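# An overview of the molecular structure
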Amino acid sequence: MNFELIKESGIERLPMWEMYGGPLWANTRWIVYGLAALVVAVFIYGIWQRVKAYRMGCKSEGALAPLGARINELVRYAFAQLKVLREQYPGIFHLFLFWGFVVLFIGTAITVLDEDIWRLLTGHKFIVNSVYVFVSFMLDLFGVLAVIGLGMAIFRRYVLKPKGLDNQREDATLLVWIFVILVTGYLTEAARISVVAQVKGPQSISYEAAGFLGYILYPAFKGEIWHKLLWSFHVLISLAFVASIPYTKGLHIFSTMASIFTHSLKPKGKIIEPIPDMMARMEAGEEVELGYKRIEQFTWREILQLDACTRCGRCQDQCPAFNTGKHLSPKEFIQATKQYWLTKWAAQRDANVELSAPPAEGAAAAPAADKNLLLKSEVAFVGDETAKGFVDSAVLWDCTNCMACMNACPVMIEHVPLITAMRRELAMEFDDTESACKSFFKNMDTNANPWGWNPGDRAKWAVEMGLPTVLDNPDYEYLLFIGCMGAFDPKAIKANKAFVKIMQAAGVNFAVLGEMEMCCGDSIRRLGNEASFQALVGMFKQTVQDCGLDPTFAGKKLVTTCPHGYNCLKHEYPDFGFKWQVVHHTELMAQILKSGKLKLKGGNGHTAVLHDSCFLSRYNDVADEPRACLAAAGLKVVETERNRDRTFCCGGGGGRVWLEEHLDEAQGIFRINNVRSDEIIKTNADFIVTACPLCGMMFDEAFKRPTMEKAMEGKKVVDVAELLADALVEEKTN
Ligand code: SF4
Ligand code: SF4
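Cut-offs used in this document
- Residues numbered from 1 in each chain as written.
- Chains lettered and ligands numbered in written order.
- Predicted model: local features only at pLDDT ≥ 70, side-chain atom pairs only at ≥ 80, totals over all residues.
- Helix = DSSP H or I, 4+ residues; strand = E, 2+ residues; numbered from the N terminus.
- Buried ≥ 20, exposed ≤ 12 C-beta atoms within 10 Å, placed from the backbone.
- Contact = placed C-beta atoms within 7 Å.
- Axes fitted to C-alpha atoms, helices over the stretch in contact; angles between N-to-C directions.
- Parallel < 35°, antiparallel > 145°, perpendicular 65-115°, else oblique.
- Left-handed = near helix turned anticlockwise from the far one by under 90°.
- Nonpolar A, V, L, I, M, F, W, Y, C, P; charged D, E, K, R; others polar.
- Near = placed C-beta within 6 Å.
- Domains from an automatic or database assignment.
- Pairing = 2+ DSSP bridges.
- Right-handed = clockwise from strand over helix to strand, strands pointing away.
- Core = buried A, V, L, I, M, F, W, Y, C linked by C-beta atoms within 7 Å.
- Expected span 1.5 Å × (residues − 1).

### Here we look at the overall build of the chain
The helix and strand tally for the chain stands at 29 helices and 14 strands. Its C-alpha atoms put the chain at 105 × 65 × 55 Å along the principal axes. Across the 734 residues in the chain, those meeting the buried criterion constitute 42%. Partitioning the contacts of the chain with sequence separation of at least 6, the portion at a separation of at least 24 is 79%.

Below you can see the structure in the form of structure tokens.
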């Protein structure tokens, strides 16, 4: 044997460097230092190139502040992996892998610190005696967890083959690479222990038992050659892995953390931003960029999110459009957009264009020679058949804005704002909309309601009921915003009347807008027609002002039965100067119940199943309140498999309620409302309850299918308010 052991604190071991004789082994320290420096340089260069590619985008306001809240997000979602753990099997293996790697990285870092810095500075090491035993044990323990995690990942990807995962070469490369690093690490340990045991006898290595993997395996190795080979191989592939990170799927270790750190901290319901000063700029004849069609319009944060997508498929698994056979897969949408970005980046980098400075606002569009276009519909628009578009219009129009994708994404990618930004381009620039959408836009523009009906009829039932308007009762506490469905749809009118009955029974001081009310504009905005939306908001404001009222509604409360209106009025109207406080009718009813102002009949043993509206439960975390109302009405609440923030969409959000939904069951294309109603009917509840007029409308159709006839016998589709109103015994007035 051509080496010497070193003895520290009674432990004899191989030195970390200069292990063996000969020019190569006597200089391992300097060889590895040199390689490590090269690796760091390659790594930093790769990261810098990626950052430059992110900077193709424009500014992203507030993406780094407030720091405390962002660190909190990082701890919760990157380190504690709270979202990853929502799915048990992949959650557990990813947690094992992540923490296995973190601990192994920390272990390697403190070993280097101990040997290459601390010992050189002080002449002593701190990883000795019990510290050595503890470090050895922890590294083996977490290494085993990482190997188990890796095995589970491989089994899932290649044996279980879940639908959401597509297997590409980069996935297999990453898994095999990590596996080889882990395994050779422990084999190297075993070979090292074997060398010491050969020289000093097995009794001299009892302290190595803490590093149980190497200790168990060491009898399998004989001779220093194994240690030399394994050590060299392990060091080289580990260094190569680090160098490769910015250029391979390994980058997700950092890009996902950056995505989590920088994601939007605004309320979930506020995901759509207005085009700044759109109307004023358009009126001034300024050219306004309407939607996304160039990479320079994306913010750097949005580009970073594209890069952070790991193709895990969780968004796709939850997407109602994908799960009913439509064109849209949120995962593929993100990937297609990412491909567009990478293609643009490669083209500009190759052309050696300076990308460090984002283009000034209103900068000229991409050069005409550019054949890589974000939207496929632009290909026809520019009339160049050799051009390539990346995102299909059909994909964008399929989205119901249900936000299930964003709710599921473990790295906080925000699909819906991107889809909306691209829809704006289709709707306002390319006129790439189906005929139903065109009619909807026209009706909204002419009569401020989806059907184009006489706006004078909006207040019809409210007038018939003698409800006070804001002009009759300016000191109202709550403004009841009836909404288009509440004004014209018989089912929604019924729900609103029931809610009025409850407010009257509880003595709530409320008023309606009467003929001043217009559509809130949620659907038209989500269908991409921002110009009409902003015009509508402006018109409403002007009307209110013309009637001598404060158009900001400062200090006033607004209540509505429609979650779409609720979300839009609560989170989006404040961008246009509105200062009201908005609640959903289920929130107000729950509040009234708590105050004890209602006297209700006891239960009669009936069951009720609540369909959670996406815009209520997922966008605004309102899920307990409607259930509390049902319980108070004496009903036993039963649940569908997917409920609360994991609810399955009815298919009506994002303006889809006004469009045609393609149905071809033979080809595996189903209607979303039918799929959800099939799920709901399985609960066999007496009442199928909604808290949203759009859901009510979508289900009205789905539950009236001939196939539902038998199952629906004795059952009813109703709004929460109707059940609570039916349970009223008497009013307790002041
Ligand atoms: S918002 Fe809903 S429909 Fe749209 S992509 Fe996400 S999951 Fe699919
Ligand atoms: S967008 Fe998010 S959930 Fe969807 S595949 Fe990418 S990382 Fe997974």
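What follows continues from the structure just given.
### Quick notes on the packing of helix 20 (residues 490-506) against helix 28 (residues 693-702)
At a minimum axis separation of 9 Å, helix 20 and helix 28 run at an interaxial angle of 135°. Between helix 20 and helix 28, the angle is such that the two are oblique. Handedness of the crossing formed by helix 20 with helix 28: right-handed. The segment helix 20 lies against helix 28, with Lys491, Ala492 and Ala495 engaging Pro693, Gly696, Met697 and Asp700. Tallied by class, the residues present in the contact of helix 20 with helix 28 amount to four nonpolar, one polar and two charged.

### Some words on the site of ligand 2
Neighbouring ligand 2 are 14 residues; Cys309, Cys312, Cys315, Lys331 and Cys409 lie closest to it. Elements with a minimum of two residues in the shell around ligand 2: helix 11 (314-318) and helix 12 (330-350). Of the residues forming the shell around ligand 2, the biggest block, three residues, is contributed by helix 12. When grouped by side-chain class, the residues that make up the shell around ligand 2 number nine nonpolar, two polar and three charged.

### What about the domain arrangement of the chain?
By the assigned domains, the chain splits into domain 1 (11-53 + 67-261), domain 2 (277-357 + 368-432), domain 3 (440-591) and domain 4 (594-731). Between the C-alpha centres of domain 1 and domain 2 there is a distance of 38 Å. Taken together, the contact between domain 1 and domain 2 spans 15 residues of the former and 18 residues of the latter. Sorting the residues of the side of domain 1 that touches domain 2 by element identifies helix 1 (28-54) and helix 8 (252-262) as the ones contributing at least two each. In terms of residues, the side of domain 1 that touches domain 2 owes the most to one element, helix 8, which gives six residues. Considering only residue class, the side of domain 1 that touches domain 2 consists of six nonpolar, five polar and four charged.

### Points about unusual backbone geometry
Cis geometry is adopted by the peptide bond preceding Pro66, which originates at Ala65 and carries an omega value of -5°. Within the secondary structure, Pro66 sits in the loop between helix 1 and helix 2 (67-79). One non-glycine residue with positive phi stands out, namely Asp431, at about 50°. As for its position among the elements, Asp431 is in the loop between helix 16 (415-429) and helix 17 (435-447). You will see that Arg644, though not glycine, has its phi angle at about 50°, which is positive. With respect to the helices and strands, Arg644 occurs in the loop between strand 11 (636-638) and helix 27 (672-681). Look at Arg644 and you get partly exposed, because 16 C-beta atoms sit within 10 Å.

### As for the site of ligand 1
Lining the immediate surroundings of ligand 1 are 15 residues, of which Cys319, Pro330, Cys399, Cys402 and Cys405 lie closest. Elements with a minimum of two residues in the shell around ligand 1: helix 15 (404-408) and helix 16.

### Overview of the sheet that holds strand 11
If you trace the four strands from one edge of the open sheet to the other, you get 11-10-12-13, paired in parallel fashion. Unpaired on one side and paired on the other, strand 11 and strand 13 (716-719) mark the two borders of the sheet. Averaged over all pairs of adjacent strands, the angle between their axes in this sheet comes to 35°, without regard to strand direction. Sheet topology places strand 10 (residues 607-610) next to strand 12 (residues 687-690); three bridges connect them, and they run parallel.

### Overview of the sheet that holds strand 5 (residues 478-481)
Within a sheet, each strand pairs with its neighbour through backbone hydrogen bonds, oriented either parallel or antiparallel. Pairing is parallel across the open sheet formed by four strands, whose spatial order is 6-5-7-8. Edge positions in the sheet fall to strand 6 (510-512) and strand 8 (581-584), since each has one partner strand and no second. Taking each pair of neighbouring strands and ignoring which way they run, the sheet shows an average axis angle of 30°. Sheet topology note: the strand 5/strand 7 (residues 557-560) ladder contains four bridges and is parallel. Across the sheet, Leu480 pairs through a bridge with Val559, a residue of strand 7. Along the sheet, helix 23 (residues 563-572) contacts strand 5, strand 7 and strand 8; its crossing angle with strand 8, the most-contacted strand, is approximately 165°.

### Concerning the packing of helix 3 (residues 88-122) against helix 4 (residues 129-160)
At a minimum axis distance of 7 Å, the contact between helix 3 and helix 4 shows a crossing angle of 145°. When you trace helix 3 past helix 4, the crossing you get is left-handed. The class makeup of the residues in the contact of helix 3 with helix 4 is 19 nonpolar, five polar and one charged.

### Thoughts on the environment of Ile260
Its location among the elements puts Ile260 in helix 8. In sequence terms Ile260 and Gly654 are 394 residues apart; their C-alpha atoms lie 25 Å from each other. If we ignore the near neighbours within four places in the chain, the residues touching Ile260 are Glu73, Leu74, Tyr77, Ala78, Val411 and Met412.

### Focus on the pairing of strand 3 (residues 372-375)
As judged from the three bridges shared by strand 3 and strand 4 (residues 388-391), these two strands associate in the parallel manner. The residue bridging Asn372 from the neighbouring strand is Lys388, located in strand 4. Crossover handedness for the path strand 3 to helix 13 (residues 376-382) to strand 4: right-handed.

### A few points about the nonpolar core
Formed by 146 residues in total, the largest nonpolar core has its most connected members in Ile502, Val689, Leu723 and Leu724. Counting residues per element, this core draws most heavily on helix 20, which supplies nine residues. The contacts of Leu723, once residues within four sequence positions are left out, are Ala608, Leu630, Ala633, Leu635, Phe687, Val689 and Val718. In terms of nonpolar packing, the next biggest core, distinct from the first, is built from 16 residues, Met19, Ile193, Val195 and Leu213 among them.

### Digging into the pairing of strand 13
Of the pairings in the sheet, the one linking strand 12 to strand 13 comprises four bridges and is parallel in character. Paired with Thr690 across the strands is Asp719, a residue of strand 13. Read from strand 12 through helix 28 to strand 13, the crossover connection turns out right-handed.

### With respect to the environment of Val463
Counting through the fold element by element, Val463 comes out in helix 18 (residues 460-464). In this structure, the C-alpha to C-alpha distance between Val463 and Glu515, residues 52 residues apart in sequence, is 9.8 Å.

### Focus: helix 12
Spanning 21 residues, helix 12 covers 30 Å between terminal C-alpha atoms, matching the ideal 30 Å at 1.5 Å per step. Residues of helix 12 that are buried: Pro330, Lys331, Phe333, Ile334, Thr337, Tyr340, Trp341 and Lys344.

### So, the environment of Ile524
Mapping Ile524 onto the fold places it in helix 21 (residues 522-526). With 28 C-beta atoms packed within 10 Å, Ile524 lands in the buried category. Separated by 87 residues in sequence, Ile524 and Cys437 place their C-alpha atoms 9.2 Å apart. Discounting chain neighbours no more than four positions away, the residues touching Ile524 are Phe441, Met444, Asn529, Ser532, Phe533 and Gly655.

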